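A closer look at the structure
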Amino acid sequence: KELQAGNLDVAETLLQRAYERDQKLVDKQLAQHAFDLAEISELKLDHKKAIQRYQEVVERQPDQLQAWQNLAEIAEKSGDTTLALNSWRQMGKNVDKTSNPAEYLYALEGEGELLSLQGNNAEVLPIYQAAQAFAQQLISKEPDNLNWQNRLSVSLDNIGKLYETKGDRVLALKSFQDSLTVRQKLVQVEPNNADGQNNLSLSFDNIARIYQANGDNPAALKAFQDSLAISQKLATLESNNARWQRNLADSLNNIGEMHKTNGDNALALKAFQ
């Protein structure tokens, strides 16, 4: 009607809006098809094709966060760390932190982990600290949200391991102890959560490792024993769970090494056996 009335500018604007609307619909549909095809390529272990298809998804839909995450993980498996790092960063840039805070944390953690594997400690610390600060912001708004508490403990763990790698055992111990405190609270709220119990066990291991490096063998042994108690409980409750059995073996090995260091060969032999 506008065209027939000679209103060319108005007609052009309306047609442009229609074009953009339909283009978005087409891109959304094709992106979904590409995503489905990428998942099939993953199942077939064809990582090269999966990468190509996930790249098509994010080209058409940059806010498709799961595609960015999958692309980062597959690229890392394939050894393409440059693509993996860029994918984590693009996921972080395209996520709405307000509506998708968990995905934003995953993006930060993924980027930090990859930088850490590359030995880029100068860049990774600010990333992990940003994840910690963001998790604390979320907790201040939702103090009863267990997921945010868990993500905070993960960030503290990551920071602790980074300080440990740099040889700063004071700051490493502080971060590990803060993480332990969070995980102890989580276990109190959900005592039957096996993953929560396992995370607590890992926190004791982290702390024990620092005590051991500091030469504080009694404190290290105590922390390893606390970890062992949890590992034994999990392995007993789920005797067919290979992960818990492996963790129990690791805990017993840690105890054995401590007794060996202390010169108590009888207890060391018992733990190793």
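A short tour of the structure in this document, coming up. None of these values were measured; they are calculated from a predicted model.

Moving on, we come to the overall build of the protein. Looking only at helices and strands, the protein has 12 helices and 0 strands in total. Along the chain direction, N to C, the helices and strands of the protein fall in the order α-α-α-α-α-α-α-α-α-α-α-α. Scaling as 2.2 N^0.38, a compact globule of 273 residues should have a C-alpha radius of gyration of about 19 Å, whereas the protein reaches 25 Å, well beyond that. Along the first, second and third principal axes, the C-alpha set of the protein runs to 100 × 40 × 35 Å. Looking at the protein as a whole, 42% of its 273 residues qualify as buried. Of the contacts made within the protein by residues no fewer than 6 positions apart, 49% connect residues no fewer than 24 positions apart. Looking at the protein as shown, the accessible area adds up to about 15,600 Å², and 49% of this sits on carbon and sulfur atoms. Put simply, the protein has 29 plus and 37 minus side-chain charges, and the middle of one group is 2 Å from the middle of the other.

A word on helix H4 (residues 81-94). For H4, built from 14 residues, the straight-helix expectation of 20 Å at 1.5 Å per residue is met to within 8% by its first-to-last C-alpha distance of 20 Å. Taken together, the buried positions of H4 are Leu-83, Ala-84, Leu-85, Ser-87, Trp-88, Met-91 and Gly-92. The inward-facing, buried residues of H4 contact helix H2 (47-60), helix H3 (65-77) and helix H5 (101-117).

This brings us to the environment of Gln-55. Among the secondary structure elements, Gln-55 is positioned in helix H2. What makes Gln-55 partly exposed here is its relative accessible area of 29%. Excluding its chain neighbours within four sequence positions, the residues that come into contact with Gln-55 are Leu-71 and Leu-83.

Another point: the packing of H4 against H5. Running from amino to carboxyl end, H4 crosses H5 at an angle of 155°, the nearest separation of the two axes being 8 Å. On the basis of their axis angle, the class for H4 and H5 is roughly antiparallel. Regarding H4 and H5, the two cross each other, and that crossing is left-handed. On H5, the residues that touch Thr-81, Ala-84, Leu-85, Trp-88, Arg-89, Met-91 and Gly-92 of H4 are Glu-103, Tyr-104, Tyr-106, Ala-107, Gly-110, Glu-111, Leu-114 and Leu-115.

Attention now goes to the packing of aromatic side chains. Centre-to-centre distance and the angle between the planes together describe a pair of aromatic rings. Tallied over the entire structure, the rule returns 2 aromatic pairs. Their ring planes at 70° and their centres at 5.6 Å tell us that Phe-35 and Tyr-54 sit as a pair that is edge-to-face. You can see Phe-35 sitting in helix H1 (residues 8-43) and its partner Tyr-54 sitting in helix H2, a full 19 residues away along the chain. The residues Phe-35 and Tyr-54 share a single accessibility class, namely buried. Judged by centre distance (4.9 Å) and plane angle (75°), the ring pair of Tyr-104 and Phe-134 falls under edge-to-face. Taken together, the positions of Tyr-104 in helix H5 and Phe-134 in helix H6 (residues 121-141) put the pair 30 residues apart, joining distant regions of the chain. Judged by its relative accessible area of 16%, Tyr-104 falls in the buried class.

Cut-offs applied
- Residues numbered from 1 in each chain as written.
- Predicted model: local features only at pLDDT ≥ 70, side-chain atom pairs only at ≥ 80, totals over all residues.
- Heavy atoms only, no water.
- Helix = DSSP H or I, 4+ residues; strand = E, 2+ residues; numbered from the N terminus.
- Rg over C-alpha atoms; globule rule 2.2 N^0.38 Å.
- Buried < 20%, exposed > 50% of the residue type's maximum accessible area, 1.4 Å probe, protein only.
- Contact = heavy atoms within 4.5 Å.
- Areas by Shrake-Rupley, 256 points an atom, 1.4 Å probe, with all protein chains shown as cover.
- Lys, Arg positive; Asp, Glu negative; His and termini not counted.
- Charge placed at Lys NZ, Arg CZ, Asp CG, Glu CD.
- Expected span 1.5 Å × (residues − 1).
- Axes fitted to C-alpha atoms, helices over the stretch in contact; angles between N-to-C directions.
- Parallel < 35°, antiparallel > 145°, perpendicular 65-115°, else oblique.
- Left-handed = near helix turned anticlockwise from the far one by under 90°.
- Phe/Tyr/Trp six-rings, centres within 6.5 Å; stacked < 30°, edge-to-face > 60°.

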